Amino acid sequence: RMPTFSMTNAERGALVAYLSAQRKGPPQLAMWASKVPKPQYDNAEQVNLGKELFRTEYGCLGCHRMDDEGGVLGPDLTHLGSRLRPAWVVEYLLSPAAFSPRGMMPELFVREAKSGNPMSRKAGRDGLADLSAVVAYLFHKSGPATQEPLQTPDAVQVKKGGALFAALNCAA
C-alpha cells in the first residue's frame, strides 16, 4: 500500500512536477502504440476479452487490484480511467521499463523485428488485439480521463521534486 506522507502544498507541487517530467518514454513508443487498434470501451465483446486476458492469460491480478480482487504489489487499477489517458497506458504496457527502469512490471509485449508491431509474449496471441482489449477493460467503467493537456514542468520544481522523491525512498 501507498504510505501517507505529510507534505506541504509546495512539496506536493514539486513532486507532481518531478513525476510529470518522467511521463514520456522513448520516441518509438508512440509509433508502436499507433499500431494498436483504438480500444472500444463500449464494446462488450472487447471488454470481456480484456477482462479475461487481464485476469487469466496475463495474470495481472497477481500484482494489481481490480474491483476488490487481486494483489497489492502493484497499484490498484479499479479507477484507472479517472487518472490516466488510454494512449499513455498503451505506451506503458508496451515498455514499462522505459517509464520505470527500476519497476517490477514485466514486459508483456515485444516488438516484431520487421514491422515493429507489438506481439504478445504468449504463444499464439495477437499482441495488437490483446493490448487493445486489456486497455478497453481497464477503461470500460469510466472511459478515458478528461484532463487538461499536461504542461511542461518547471525545471526548478522538477529538481526539488526529484530530491524529495529520493528522500522519501519512492519507487516509480
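Relevant structure appears above.
Parameters at a glance
- Numbering of residues begins from 1 in every chain and follows the order in which that chain's sequence is written.
- Side-chain atom pairs in this predicted model are given and counted only at pLDDT of 80 or more, local residue features only at pLDDT of at least 70, and totals for whole chains, interfaces and linings cover all residues.
- As a rule here, side-chain values cover all heavy atoms of the structure and leave hydrogens and water aside.
- Working definition: helices are DSSP H or I runs of at least four residues, strands are E runs of at least two. Numbering for both runs from the N terminus.
- To estimate the expected span of a helix, count its residues, drop one, and scale the result by 1.5 Å.
- Accessibility here uses a 1.4 Å probe with only protein chains present; expressed as a share of the type maximum, an area under 20% marks a residue as buried, one over 50% as exposed, and anything in between as partly exposed.
- Along the arc lie the directions from the helix axis toward the C-beta atoms.
- Note on contacts: a residue pair is in contact if any heavy atoms of the two residues lie within 4.5 Å.
- Axis definition: a line fitted to C-alpha atoms, over the contacting stretch in the case of helices. Angles run 0 to 180 degrees between N-to-C directions.
- Orientation labels follow simple angle bins: below 35 degrees gives roughly parallel, above 145 gives roughly antiparallel, 65 to 115 gives roughly perpendicular, and whatever is left gives oblique.
- Classes in brief: Ala, Val, Leu, Ile, Met, Phe, Trp, Tyr, Cys and Pro nonpolar; Asp, Glu, Lys and Arg charged; the others, Gly included, polar.
- To count as a disulfide, a pair of cysteine sulfur atoms needs to be within 2.5 Å.
- Put simply, a salt bridge is a Lys or Arg side-chain nitrogen that is within 4 Å of an Asp or Glu carboxyl oxygen.

A. Geometry of helix H1 (residues 9-21). An ideal rise of 1.5 Å per residue puts 18 Å on 13 residues; H1 measures up with 18 Å between its terminal C-alpha atoms. Taken together, the buried positions of H1 are Ala14, Leu15, Ala17 and Tyr18. Taken down its axis, H1 places every buried residue within 160 degrees of arc, on the same side. Among the exposed residues of H1, those pointing more than 90 degrees away from its buried face are Asn9 and Val16. Buried residues belonging to H1 abut helix H7 (155-167).

B. Main features of H7. Taking 1.5 Å per residue as the helical rise, H7 with its 13 residues ought to reach 18 Å, and the 18 Å between its terminal C-alpha atoms agrees with that figure. The set of residues buried in H7 consists of Val158, Gly161, Gly162, Leu164 and Phe165. Within H7, the buried residues cover an arc of 165 degrees as seen down the axis, which keeps them to one side. Opposite its buried face, H7 presents the exposed residues Lys159, Lys160, Ala166 and Ala167, each directed more than 90 degrees away.

C. Local environment of the packing of helix H3 (residues 44-57) against helix H6 (residues 127-139). Between H3 and H6, the shortest axis-to-axis distance is 7 Å and the interhelical angle comes to 100 degrees. One way to sum up the angle between H3 and H6 is to call them roughly perpendicular. Listed contacts from H6 to Gln46, Val47, Leu49, Gly50, Lys51, Leu53, Phe54 and Arg55 of H3 are Asp130, Ser132, Ala133, Val134, Ala136, Tyr137 and Leu138. Along the lines of polarity and charge, the residues of the contact of H3 with H6 split into nine nonpolar, three polar and three charged.

D. Region of interest: the state of the cysteines. Scanning the entire structure with this criterion turns up zero disulfides. No disulfide involves Cys60; its sulfur sits 8.6 Å from the nearest other cysteine sulfur, which is in Cys63. When its relative accessible area of 31% is taken as the criterion, Cys63 is described as partly exposed.

E. Structural context of the pattern of salt bridges. Tallied over the entire structure, the rule returns two salt bridges. Residue Arg55 pairs with Glu69 through a salt bridge whose shortest N-O separation is 3.0 Å. On the criterion of sequence distance, the pair formed by Arg55 in helix H3 and Glu69 in strand E2 (residues 69-70) is long-range, its members being 14 residues apart. What makes Arg55 partly exposed here is its relative accessible area of 24%. A relative accessible area of 38% places Glu69 in the partly exposed class. The residue Arg125 makes a salt bridge to Asp130 at a minimum N-O spacing of 2.7 Å. Judged by its relative accessible area of 30%, Arg125 falls in the partly exposed class.

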